[in-house]
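What follows is the residue order along each chain.
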Amino acid sequence: MLRFVVHYGIHFLVPIAIGFLFYKENKTSAIIILLAAILIDVDHVLANPIFDPNRCSINFHPLHSYWAIALYSFLLFSKKSRIFGIALLLHILADATDCYLIVVQ
């Protein structure tokens, strides 16, 4: 239950909080972009099985690979792409936290 709450809390509640706290003038757009980062989970369809609750996504799925994470990090450097970098890295943080909680359970 803890894994579920933490994982999906980071995926859904933290983006909303970031939008309200840091993007007050454009909070709706920011929240939509931050929540849309969940779309990188489309790479799960390449795995068999598509969903395995005990599989760590980090460096298993292509859009969760270390190379992709490095690319997402570079998005932080430009003001125009920063919100996308934050969104994608927040998604990776949620999945990395889930990986950690798989190990410690």
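Anyway, here's the lowdown on the structure attached to this text. Sequence order as written defines the numbering, with residues in each chain counted from 1. In keeping with the model being predicted, local features are shown solely for residues with a pLDDT of at least 70 and side-chain atom pairs are shown and tallied solely at 80 or more, while totals for entire chains, interfaces and linings include all residues. Only hydrogens and water are set aside; all other atoms, that is, all heavy atoms of the structure, feed into the side-chain values.

**Concerning the state of the cysteines**
Two cysteines form a disulfide when their sulfur atoms are joined by a covalent bond.
Reasoning step 1: What counts as a disulfide here is a pair of cysteine sulfur atoms lying within 2.5 Å. Summed over the entire model, instances satisfying the criterion amount to 1 disulfide.
Reasoning step 2: In this model Cys56 forms its disulfide with Cys99; the gap between the sulfur atoms is 1.9 Å. Judged by the torsion about the S-S bond (95°), the Cys56/Cys99 disulfide is right-handed. Here Cys56 is found in the loop between helix 2 (27-36) and helix 3 (66-74), whereas its partner Cys99 is found in helix 4 (residues 82-104), with 43 residues between them in sequence.
Reasoning step 3: Accessibility here uses a 1.4 Å probe with only protein chains present; expressed as a share of the type maximum, an area under 20% marks a residue as buried, one over 50% as exposed, and anything in between as partly exposed. What makes Cys99 buried here is its relative accessible area of 11%. Each helix is a run of H or I in the DSSP string that is no shorter than four residues. Each strand is a run of E no shorter than two, and both are numbered from the N terminus.

**Regarding the nonpolar core**
Most often, soluble globular proteins have nonpolar side chains that are buried together.
Reasoning step 1: To define a nonpolar core, start from buried Ala, Val, Leu, Ile, Met, Phe, Trp, Tyr and Cys residues and group those joined through side-chain atoms within 4.5 Å. Among the nonpolar cores identified, the biggest contains 17 residues, and Leu34, Ile40, Ile58, Tyr72, Leu88 and Ile92 are the most heavily contacted of them.
Reasoning step 2: Looking at this core, the elements with two or more residues in it are helix 1 (2-22), helix 2, helix 3 and helix 4.

**Describing the environment of Leu46**
Reasoning step 1: Along the polypeptide, Leu46 turns up in the loop between helix 2 and helix 3.
Reasoning step 2: The exposure class of Leu46 is exposed, given its relative accessible area of 67%.

Everything listed here is a matter of coordinates, which is why it stays silent on function.
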